Amino acid sequence: QEYTGIKMKVLEWPEAAKKTIQGAVPEGANVYFVPATLRPETMYGQTCCFVGPKITYGIFKVSDNEYFFLSDRAARNMAFQSIFPEWGVFPKVAELQGADVIGTLVNAPLSVHSNGVRILPMETVKATKGTGVVTSVPSDSPDDYATVVDLAKKAEYYGIKKEWAELEIVPIIETPSYGNLTAPTLVKQMKINSPKDAKQLAEAKELAYKEGFYQGKMIYGEFKGRPVQEAKELVRQALIDSGNAFNYAEPDGLVISRSA
Ligand code: ZZB
């Protein structure tokens, strides 16, 4: 899988995480949450970023002023892709649970929400895929839409502020079958009521991918009017050129099991 790693700079840590961070990361250095995405063209629509509350993450030193928040597994893979300066080395300076960083305010590159978005919990994040960090685009990802609806409904249960899950969902891609809000349309059509409706959500995701890729047209941003198939590469390159992203390849299952 060829992912794009997005650099979401921390603007403000929650109290619970501050102590750990202060002891581990030098003052003035930047920490980035790094979600892995297959849909760079949707970054305009980011409204939050998810971690698995029970997943263990690390903060890894990339350079004197850059640190990445990721799963250990992703850090190891990145160390063999020249993302860290020294081949095979991925210095871990802190360890945190996803639950510890809920509420962190981060910058979302290209997002309409330019004041930042919050780190929120998603129970269905897989520790073994990507970086274990998932940026949320509820306009075009059915999983993300189902999750933000649930988070807003049960904000108290999740220990978050309701408004963190309620940032405006702006249309960014138009398709003939699902209009300009593909994910909300599919979730409603398929009567998906919960982020736990795994089978239906997998089906909705497949439909959203296909329709978005083959029929989608950008209706927002620098490449407005272009087909998604063209915009995908253009947005990815623009994010890389501006220093906000990098390529990250996920080794296949065989490689993982052999290196483990
Ligand atoms: C933003 C985005 C916007 C995504 C969208 C999808 C969509 P795949 O196809 O199964 O490889 N993702 C990444 N890592 C994880 C993880 N550890 N656990 C759960 N979900 C994860 O899935 C790749 C996509 O799944 C990634 O692309 C990421 O969400 C999420 F509009 O990033 B995506 C129709 C999908 N639309």
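Along each chain, numbering runs from 1 in the same order as the chain's sequence is written. Local features in this predicted model are restricted to residues of pLDDT 70 or higher, and side-chain atom pairs are both shown and tallied only at a pLDDT of 80 or more, whereas totals for entire chains, interfaces and linings draw on every residue. Hydrogen atoms and water are omitted, and side-chain values are computed over all heavy atoms in the structure.

Attention shifts here to the nonpolar core. Residue types Ala, Val, Leu, Ile, Met, Phe, Trp, Tyr and Cys, when buried and joined through side-chain atoms within 4.5 Å, form a set referred to as a nonpolar core. Think of it in three bands: with a 1.4 Å probe and only protein chains considered, a residue is buried below 20% of the maximum accessible area for its type, exposed above 50%, and partly exposed in between. The biggest cluster of nonpolar side chains holds 51 residues, and the ones touching the most others in it are Trp13, Phe33, Val51, Ile59, Phe69 and Ile160. Note on contacts: a residue pair qualifies if any of its non-hydrogen atoms lie within 4.5 Å across the two residues. Discounting residues that sit within four places of it in the chain, Trp13 has contacts with Lys18, Ile21, Val31, Phe33, Ile59, Val101 and Thr104. If you look at the next biggest cluster of nonpolar residues, it comprises 16 residues, including Tyr32, Leu70, Ile83 and Phe84.

What follows concerns the side chain of Thr104. Checked against the element boundaries, Thr104 lands in the loop between β8 (92–97) and β9 (105–106). Residue Thr104 is classed as buried on the basis of its relative accessible area of 0%. We define a polar contact as two N or O atoms separated by no more than 3.5 Å, with the added condition that, inside protein, one atom must be a possible hydrogen donor and the other a possible acceptor, whereas residues neighbouring each other in sequence contribute only through side-chain atom pairs. Of the polar contacts made by the side chain of Thr104, one reaches the backbone oxygen of Val101; its length is 2.6 Å. Not counting residues up to four positions away in its chain, the partners in contact with Thr104 are Val10, Glu12, Trp13, Pro14, Phe33, Val117, Arg118 and Ile119. For helices the rule is a DSSP run of H or I covering at least 4 residues; for strands it is a run of E covering at least 2, with both sets numbered from the N terminus onward.

With that settled, consider the layout of surface pockets. Quantified by volume, the largest pocket comes out at close to 810 Å³. Listed by contribution, the elements that provide at least two residues to the lining of the largest pocket are β4 (36–37), β11 (133–136), α3 (142–153) and α6 (198–215). Using a 1 Å grid laid over the protein atoms alone, points where a 1.4 Å probe fits but cannot get out form a cavity; open sets with protein on both sides within 12 Å along at least 5 of 7 lines form a pocket; any residue with an atom within 4 Å of a point counts as lining. Grid points are joined across faces, edges and corners, and a volume is the space filled by probe spheres set on the points.

What follows concerns the sheet that holds β9. Each strand in a sheet pairs with its neighbour through backbone hydrogen bonds, running either in the same direction (parallel) or in the opposite one (antiparallel). Two strands form a pair only when DSSP identifies at least two bridges running between them. What the nine strands build is an open sheet, ordered β8-β6-β7-β3-β2-β9-β10-β5-β11; its pairing is mixed. The open sheet has two free edges, formed respectively by β8 and β11, since each of these has just one partner strand. Note that strand β3 (residues 30–33) and strand β7 (residues 66–70) share four bridges and pair parallel. Bridge assignment links Asn30 to a residue of β7, and that residue is Glu66. Relative to β7, helix α2 (residues 72–79) is tilted by about 130°, and along the sheet it contacts β6 (56–63), β7 and β8. In this description, a line fitted to the C-alpha atoms serves as the axis of each element, helices being fitted only across the stretch in contact, and the angle between N-to-C directions of two axes falls anywhere from 0 to 180 degrees. Across the face of the sheet, α3 comes into contact with β5 (48–51), β10 (117–121) and β11 while running at roughly 90° to β5.

Strand order in the open sheet formed by three strands is β4-β1-β14, with antiparallel pairing between adjacent strands. A strand with exactly one partner marks an edge of an open sheet, and here the two such strands are β4 and β14 (245–249). Bridge count for strand β1 (residues 2–6) against β14 is five bridges, and the pairing is antiparallel. Within β14, the position partnered with Thr4 by the bridge is Asn247. Helix-sheet contacts for helix α7 (residues 228–241) involve β1 and β14, and the interaxial angle to β14 is about 115°.

Bringing the site of the ligand into the picture now. For this description, a residue counts as near a given molecule or strand if any of its non-hydrogen atoms is within 4 Å of it. The immediate surroundings of the ligand are formed by 19 residues, with Thr37, Lys126, Lys129, Lys205 and Tyr209 found nearest. A distance of 3.0 Å separates an oxygen atom of the ligand from a polar atom in the side chain of Lys205. Within the complex, 91% of the 720 Å² of free accessible area of the ligand lies under protein. Whether a molecule lies in a cavity or pocket depends on its atoms, and more than half of them have to be within 2 Å of the grid points. Taken atom by atom, the bulk of the ligand overlaps the largest pocket. Among the secondary structure elements, those contributing two or more residues to the shell around the ligand are β4, β11 and α6. In terms of residues, the shell around the ligand owes the most to one element, α6, which gives three residues. Ten residue types, Ala, Val, Leu, Ile, Met, Phe, Trp, Tyr, Cys and Pro, are classed as nonpolar, four, Asp, Glu, Lys and Arg, as charged, and the remainder, Gly among them, as polar. Split by residue class, the shell around the ligand holds nine nonpolar, five polar and five charged. For the area figures, the Shrake-Rupley method with a 1.4 Å probe applies, and any residue is considered shielded solely by the protein chains shown.

This next bit is on the pattern of salt bridges. The term salt bridge refers to a pairing of a side-chain nitrogen on Lys or Arg with a carboxyl oxygen on Asp or Glu at a separation within 4 Å. On inspection of all chains with the given rule, the structure shows 15 salt bridges. With a shortest N-O distance of 2.6 Å, Lys92 and Glu95 are connected by a salt bridge. Taking relative accessible area as the criterion, Lys92 reaches 33% and is therefore assigned partly exposed. Among the salt bridges present, the one from Glu166 reaches Lys162, with a minimum N-O distance of 3.1 Å. For Lys162, a relative accessible area of 43% puts it in the partly exposed group. Among the ionic contacts, a cluster of salt bridges with common partners joins Glu2, Glu233 and Arg236.

Of note in this structure, Leu110 is not a glycine but carries a positive phi near 75°. Within the fold, Leu110 resides in the loop between β9 and β10. Taking relative accessible area as the criterion, Leu110 reaches 39% and is therefore assigned partly exposed. Phi is positive for Lys191, which is not a glycine, with a value near 55°. A relative accessible area of 64% means that Lys191 is categorised as exposed.

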